[in-house]
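Now for the letters of each chain:
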Amino acid sequence: MKKTFKVSAATALAISALTPVAAFAAETPVAADGFYTTSSFTTGKDFRALSTAEKRAILTNSETVLVVGGKVYFAKDAITATTNADLAKIATTVADFEATHGKLTGNGYGNVVVSDLKVESVSAINPTEIQVTFNQDVDADSALDLSHYVLSIDDNEYNTAAQIATLLEPTSVDGTVLEYSEFDFATNTVTFKLSETNALKNAQKYSIDVKDGVLSADKTKQVAKYQDTVKTFTDTKAPVLESVLKSGDDLVLVFDEPVKSIGTVKIDDITVDGAKTYSKFTGLYTVKITGALAQDERFTTLGSHRVVAYDVKDYATNGDVPNNEAVVSSSYSISLDTTPPTVKEIKQLSTDARVFDIVFSEAVESVTASELELDIKKGNHTFTQVADSSVANPSAIADVYSVVKLGGNKYRVTFSNYTNEENINPLYAKNETAVSLAVVVKGYKDLANNVGQEYKGSVNLSKDLNAPTIKPGLDNKIDTNKLVVVFDRAITPVGELDASKITVTDKDGIKRTVSGATIANGNTIEITLDEFVSEADYNEKAPFTVTVAAGTVQSSEKVKNNTTSVTIKETTVDTAVTALATNSATVTPDKNVNGVNVNEIVIDYGAEMGASALELSNYTLDNQTLPTGTKIAINKANDKVTITLPEGFAAVDNQQLLTISKNVKTKTGSVIVNDVTEKKAYTQLIDLVDNTQPVLNKAEYLVTDLDDSTETSRIKLTFSEKVAFTANDLDDLTVVVGGATKAYTSLEAGSKENEVIVNLAQPLSLVNATTVNVVAQGEENTALNIKDLAGNIAKANSVQVSGKAIDTKLIGDAASVLATAKTNAKAALDSYKNAADYTTNAAGLTAAIEAGKTAIDAATTTEDVTAAQNAAKIAIDAIKSDAQLAAEEDLQEATDAVALAEGSKSQDDVDAAQALVTALPAGDAKDALQARIDAIEIA
């Protein structure tokens, strides 16, 4: 029952005469002026022509709203207003009103009509995410409302929001909350995020129906009801490592799907520890290893660093057995440069009309806390950046975009998919198929902290995108009991997927009957042939030519495919296979030749092998081909292969995954695999020993004073890694000055484990050209005792002594020196100023002194202590004493008096000003004021 209220005829007439022109004349009307109810519209002219009773009937309807000059008022509130100021307090904009109550039209407001707005597809993109995609722009709030869906898994139906929520799992990653479902404005897609316990398993049935309630972006239309077809979930692909990112001290691994767990992770063959955080942001699936890069200083040295992860599993899909990738690998780079980064190019993503990528000349990160500082305009309209458009609801704000870092040197900008014919300046206005945007990029730096120049450019976006086409290569294959055809982008059927538009011809040119075709994994068509039930059936008639007729599928931008074909060959695994027993590959233990460790891998096949067993290309370690210099041999019986890795292959003791290709066959033609049933390539973790010799990289004179020392009897040697040595072995090194060998008495450890100090028998002038030689093991040095911790002897080489370093042993313990320097520096700050002179700024003086002490305590060298002390003194000097403040007040008083005298030209004012100026201390300020007094002419 509607609530009513009484209104007098006089008030009704007053309402009809409301004309708040002064307040709203500058606004552009976006809805006609007049009175609206949920079922009618009355213009102001028609309202004034009504009888008092008719006016009262409209105004006493609690649903009536008045629109004047682009502002909306509920009549029941406007009646009590007596001034424009009162009206302004209760006014709302048309956009805000329509966002809540529906569009204002000639038929009233709030009317929702069913249209051609519909569900385009429902698909499980991985075990934990099911997506519903709409064919037009929809309102995010209504699309995210779980009460508008029915979710079914196997025979269980969940048809209320509360029931559906029991299957979903909101999580929090680095403080960002992932809701039960997410909405992507760029693709009009809702993603339902299943909890781990409810992740889909292979052969499970699922579907999502859409009920009434999902609205178009402008809320004038409603998505048609949708009854989904029951689908069978299939996922037999293990996660793929797409890239590796460096984020401060953290290592971030980026995968193509959510990852449940990973095993050991290595950087440059060194195992790293650290808490693993598994992120499941839709479209960006990462595993972050906290503090990984801080665990070894070698991880942040210049150059490329290889990352390897073992035993990568997705969420359980095959019963309780997850898909598993034995080893994945990628790399990150650290470089030292002084060249600022630049914007290399800005280009539209070829598969999406609302996305463009910014590609930099090198890896970059934002100077500020935001992802990237951008200014994007269409004409004179500026778009708004949001943290993440998948969780932001633009509502009446059409023009928002998000920025996501894809890799080291690439950022992706995605605009919301909001459309509204009456909206001012959306990305694509009505009937627009192309748009030019001005783009300013700023506030970015490379990993060496070089800040890039502000970039001003443009990017053209177009809805005229390329047609989807079949990817070339072995992605198109026979998979158990079906043919798999993979497109280069996400596809959906044009209408219902028509199997008659897919033609399959076998090796004999016979056209085969396609009994079924479905779209899987977003970009794949899975095809079954009539009466073909096994992999052997398909292999018997392979290769197949598969042709997909034009207009069968379309991209997310509704671009239909052209006729496209691909050849699918038979599977490469022979029907005859031999399983290689676990631990058949072993490493010869403790083998050392001429002082260098040897990694010798022996593979016992247990059967006579063919020539393929001797091809090095059939073996990899951690997904890498074996390095140049690797040797391979086979025994007389041809059943045991020995692979010898070259010196320098392993920098540390570590494990690596040996993979034997399925191209390796026995003499009788059987393929070597890990298991006869699974037919996967054989893999085994093997232990490798450090076989890299330490190298003398640098030699420096040790001195007590970097400026004044002229001679020394000590030289510091720096090796490429930690070393051990014998202190009194005088044959491992020679020190040569001007062609003559200088004797040394002993070796001692330096401050770091890769440093060795040479103690000379006699002092050496620093101006002499001096060379240090590591003597090779042989006639002149029967046993080279400088070795790394794995027992590899140092490599014989020569280094010129260059540069000087402070000898902390001779000048005292460095820690003690540093501590004394800190104590003295802090005491100097305490006595630098007299606190009694700073009663007004006492707090500021104390704060500056304490800040200086904190900086001194944080210093790691005496030079840093001095720098911190000097910086603190500068900060203290900037604080004004009581005397300085008083002098400023005297100067200001004198200045004001002179100004008064200049204005009045009175002798009394001039005399008063002169007295104040005379009292000032000598200086430019006093001279300037005196000159102004001298120039005054008494009236």
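Just so you know, these numbers come straight off a predicted model, no measurement behind them. (Residues numbered from 1 in each chain as written. Predicted model: local features only at pLDDT ≥ 70, side-chain atom pairs only at ≥ 80, totals over all residues. Heavy atoms only, no water.)

Asks: So what's going on with the packing of aromatic side chains? Residues and values would help.
Replies: Following the criterion strictly, the structure yields 13 aromatic pairs and no others. Here the aromatic rings of Phe35 and Phe47 are separated by 4.1 Å at their centres, their planes lie at 20 degrees, and the arrangement is stacked. One end of the pair, Phe35, is in strand β1 (residues 34–36); the other, Phe47, is in helix α3 (residues 44–49), with 12 residues separating them in the sequence. By the burial criterion, Phe35 is buried, and Phe47 matches it. Within the aromatic cluster, the residues linked to one another by ring pairs are Phe356, Phe383, Tyr401 and Phe415. Above the plane of the ring of Tyr832 lies Lys833, whose end atom (NZ or CZ) is 4.9 Å from the centre. (Phe/Tyr/Trp six-rings, centres within 6.5 Å; stacked < 30°, edge-to-face > 60°. Helix = DSSP H or I, 4+ residues; strand = E, 2+ residues; numbered from the N terminus. Buried < 20%, exposed > 50% of the residue type's maximum accessible area, 1.4 Å probe, protein only. Lys NZ or Arg CZ within 6 Å of the ring centre and 35° of its normal.)

Asks: So what's going on with a negative patch on the surface? Which residues, and what values?
Replies: A contiguous patch of negative charge, built from Glu889, Asp890, Glu893 and Asp896, is present on the exposed surface. Within the secondary structure, Glu893 sits in helix α15 (residues 882–904). (Patch = residues over 30% accessible without salt bridge, like charges linked within 9 Å, V, L, I, M, F, W, Y side chains within 5 Å. Areas by Shrake-Rupley, 256 points an atom, 1.4 Å probe, with all protein chains shown as cover. Salt bridge = Lys/Arg side-chain N within 4 Å of Asp/Glu carboxyl O. Lys, Arg positive; Asp, Glu negative; His and termini not counted. Charge placed at Lys NZ, Arg CZ, Asp CG, Glu CD.)

Asks: So what's going on with the sheet that holds strand β66 (residues 744–749)? Which residues, and what values?
Replies: Reading across the sheet, the eight strands line up as β65-β64-β68-β70-β61-β62-β67-β66 and stay open at both edges, with mixed pairing between neighbours. The open sheet has two edge strands, β65 (740–742) and β66, and neither has a second partner. Strand-to-strand twist of the sheet, defined as the mean angle between neighbouring strand axes without regard to direction, takes the value 35 degrees. Where strand β61 (residues 696–703) meets strand β62 (residues 711–719), five bridges bridge the pair, whose relative direction is antiparallel. Paired with Glu700 across the bridge in β62 is Lys716. (Pairing = 2+ DSSP bridges. Axes fitted to C-alpha atoms, helices over the stretch in contact; angles between N-to-C directions.)

Asks: Quick rundown of the pattern of salt bridges? Include the residues and the values.
Replies: The full count for this structure, using the stated rule, is 28 salt bridges. With a closest N to O distance of 2.8 Å, Arg298 and Asp296 form a salt bridge. Owing to a relative accessible area of 41%, Arg298 belongs among the partly exposed residues under this scheme. Between Lys313 and Asp311 there is a salt bridge, and its shortest N-O distance comes to 3.9 Å. Through salt bridges with shared partners, a single ionic network connects Lys266, Asp269 and Asp622.

Asks: Please give an account of the nonpolar core that cites residues and values.
Replies: Membership of the largest hydrophobic core comes to 31 residues, with the highest contact counts inside it found for Ile130, Phe134 and Tyr149. With residues near it in sequence (within four places) discarded, Phe134 still touches Lys118, Val119, Glu120, Ala143, Tyr149, Thr187, Asn188, Val190, Val214 and Val223. (Core = buried A, V, L, I, M, F, W, Y, C linked by side-chain atoms within 4.5 Å. Contact = heavy atoms within 4.5 Å.)

Keep in mind that these numbers describe shape and distance, not what the molecule does.
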